[in-house]
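Structure at a glance
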Amino acid sequence: MLQVLACGAVVFPGLFFAFRRILPSVFKQWSDADVVLVSERLVSSIHAIMATTAGVIVVSSCRGNVINDRHWLATYFVIWYGVPYMTYDIYAMYLSHYHRFRVKGHEEYKQHSLRTVNSFVRREFLLVLHHIALLTILLPVTLFFRKDQGDFFIGCLFLTELSTPFVSLGKILIQLSLQDSWLHKANGGMVLLTFFMCRIALFPYMYWVYGRHYGIPLYSVPFHLPLSTNLGNSCILAPQVYWFVLLCRKGFRLYQRSRCREDTSPTAAGSNTKSFRVICGPQGRQNFRLFPHLRNAASGLLLETSVLMLYNGFRSVGTSPFGFRTPSCSTVGTTAFCGRGP
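The shown structure was predicted, so the numbers you read here are calculated from the model rather than taken from an experiment.

What follows concerns the state of the cysteines. Counted according to the given criterion, the structure contains 0 disulfides. Here Cys62 is not disulfide-linked; the sulfur of Cys156 is the nearest cysteine sulfur, at 9.7 Å. On the accessibility criterion, Cys62 (0% relative accessible area) is buried. Cys198 carries a free sulfur, and the closest cysteine sulfur to it, the one in Cys156, is 9.8 Å from it.

On the secondary structure map, Tyr210 appears in helix α10 (residues 202–214). Given a relative accessible area of 17%, Tyr210 falls into the buried group. Apart from residues lying up to four places away in sequence, Tyr210 is in contact with Ile67, Phe153, Val221, His224 and Leu225.

Let's shift gears to the confidence of the model for the protein. For the protein, per-residue confidence averages 78 on the pLDDT scale, and 74% of positions sit at 70 or higher. In the predicted structure, residues 263–342 sits below a pLDDT of 50 and forms 112 contacts with residues beyond four places in sequence or in another chain.

The tally for this structure, following the rule as stated, stands at 4 salt bridges. Here Asp148 and Arg70 are joined by a salt bridge, their closest N and O atoms 3.4 Å apart. Here Asp148, found in the loop between α6 (125–145) and α7 (151–158), pairs with Arg70, found in the loop between α3 (32–62) and α4 (73–103); they are 78 residues apart in sequence, far enough to count as distant. Exposure remark for Asp148: the relative accessible area of 52% places this residue in the exposed category.

To continue, consider the nonpolar core. Membership of the largest hydrophobic core comes to 49 residues, with the highest contact counts inside it found for Phe16, Val43, Phe77, Tyr88, Phe152 and Phe153. Those elements that place two or more of their residues in this core are α2 (8–26), α3, α4, α6, α7 and α10. A per-element tally of this core places α4 first, with 14 residues. Beyond its immediate sequence surroundings of up to four residues, Phe152 is in contact with Val59, Cys62, Arg63, Val66, Tyr205 and Val209. Membership of the second largest hydrophobic core comes to 11 residues, among which are Leu126, Ile200, Trp243 and Leu247.

Attention shifts here to the environment of Ile174. You can see Ile174 is positioned in helix α8 (residues 164–175). Sequence-wise, Ile174 and His184 are 10 residues apart; in three dimensions their C-alpha atoms are separated by 8.2 Å.

Turning to the packing of α8 against helix α9 (residues 182–199), a few remarks are in order. Viewed as axis vectors pointing N to C, α8 and α9 meet at an angle of 155°, and their least axial separation amounts to 8 Å. Comparing their axes, α9 and α8 come out roughly antiparallel. Crossing hand, α8 versus α9: left-handed. The residues of α9 that touch α8, namely those facing Thr164, Phe166, Val167, Leu169, Gly170, Leu173 and Ile174, are Leu183, His184, Asn187, Met190, Val191, Thr194 and Arg199. Here the residues of the contact of α8 with α9 are counted per class, giving 8 nonpolar, 5 polar and 1 charged.

Moving on: a nonpolar patch on the surface. A surface patch of nonpolar side chains, about 820 Å² in accessible area, is lined by Trp72, Tyr76, Ile79, Ile137, Val141, Leu143, Phe144 and Phe145. Listed by contribution, the elements that provide at least two residues to the nonpolar patch are α4 and α6. Among the elements that take part in the nonpolar patch, α6 stands out by supplying 5 residues, more than any other. Relative to the helices and strands, Phe144 resides in helix α6.

Once that is clear, we can look at unusual backbone geometry. Within the chain, Lys147 stands out as a residue other than glycine whose phi angle is a positive 55°. By the element assignment, Lys147 lies in the loop between α6 and α7. Phi at Ser177 is positive, roughly 60°, even though this residue is not glycine. A relative accessible area of 60% means that Ser177 is categorised as exposed.

Below, the discussion takes up the packing of α4 against helix α5 (residues 114–123). Each pair of packed helices can be described by the angle between their axes along with the distance between the axes. Remark: α4 packs on α5, axes separated minimally by 10 Å, with the N-to-C direction vectors making an angle of 105°. Looking at the two axes, α4 sits roughly perpendicular to α5. Here Ile90, Met93, Tyr94, His97, Tyr98 and Phe101 of α4 come into contact with α5, specifically with Thr116, Val117, Ser119, Phe120 and Arg123. Of the residues belonging to the contact of α4 with α5, the class tally is 7 nonpolar, 3 polar and 1 charged.

Glancing now at the packing of aromatic side chains. The tally for this structure, following the rule as stated, stands at 21 aromatic pairs. Their ring planes at 75° and their centres at 6.2 Å tell us that Phe12 and Tyr81 sit as a pair that is edge-to-face. Pair noted here: Phe12 is in helix α2 and Tyr81 is in helix α4, with a separation of 69 residues, a long-range link. What makes Phe12 buried here is its relative accessible area of 0%. For Tyr81, a relative accessible area of 14% gives the class buried. Arranged with centres 5.5 Å apart and planes meeting at 50°, the rings of Tyr76 and Trp80 form a pair that is tilted.

Rules of the game
Residues numbered from 1 in each chain as written. Predicted model: local features only at pLDDT ≥ 70, side-chain atom pairs only at ≥ 80, totals over all residues. Heavy atoms only, no water. Disulfide = S-S within 2.5 Å. Buried < 20%, exposed > 50% of the residue type's maximum accessible area, 1.4 Å probe, protein only. Helix = DSSP H or I, 4+ residues; strand = E, 2+ residues; numbered from the N terminus. Contact = heavy atoms within 4.5 Å. pLDDT = per-residue confidence, 0-100. Salt bridge = Lys/Arg side-chain N within 4 Å of Asp/Glu carboxyl O. Core = buried A, V, L, I, M, F, W, Y, C linked by side-chain atoms within 4.5 Å. Axes fitted to C-alpha atoms, helices over the stretch in contact; angles between N-to-C directions. Parallel < 35°, antiparallel > 145°, perpendicular 65-115°, else oblique. Left-handed = near helix turned anticlockwise from the far one by under 90°. Nonpolar A, V, L, I, M, F, W, Y, C, P; charged D, E, K, R; others polar. Patch = residues over 30% accessible without salt bridge, like charges linked within 9 Å, V, L, I, M, F, W, Y side chains within 5 Å. Areas by Shrake-Rupley, 256 points an atom, 1.4 Å probe, with all protein chains shown as cover. Phe/Tyr/Trp six-rings, centres within 6.5 Å; stacked < 30°, edge-to-face > 60°.

Shown next, in the form of structure tokens:
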């Protein structure tokens, strides 16, 4: 009985609906869309903490022999919590999408319909595909195709959830109008660090560990693995790289916006030199070299541009799945006024 109650099929929907009941009584000014968004993010953080904890336990228990060492959490966490959470999260994301557009007054969102579901799938296609891929790939591999081997690597995949609480906290801070606070900036740094380490660098690390176990160099590991394994890892890694690029773009835009808010001043006290103006948006990007105070961000912008050239086929460069847009600025005299883009 306790096992059934502890199952993710009960825990995650139960927490979601509990938060939907509690939050409106605390934040009375929030709309239904706000409540659903924060509830979804809180449940996502709880699952991520559970998955990360399970990953640490499995990895630390199986590092002696990364192929044959076993730990029961590698299988049962996926069954009890992984699959139920991924199924629930698709529904929660749909509800968040539905209420967000309903609050905006879209006519077709007066009630649930196939049109609203289709709109959700089209707008959040990559996220939905990510969840479905985990349900259709991770579960069968975990249960049927591993031949009781590789618990260490399953634990490593659990660790990819480490960045999720920081991503969720960023959303919640924005909801609380704390996007300009030092906490939001520090959290943004943690998002980039944990996302890169646990969702991108983790894959070369797993290849390195595999090669060390068999005494082969890192560059030879892909040739010693089945093609299906390399393709599966590539399919998981590709969207992570894409999302990381979007996070870097968002971080650069936040930096650019904070610089635009500062009043420009003469280069030296008592100087008669006229201050230059700050220009943001497309015009500012075209004249990037004209502004000395932005040169320290040049390397980041070049990296962003080079990576986006590889991924500009996924989505419009102007927006991201997280809903952030390029800030636009106008100038009066020597002062720049910044705001969100259209």
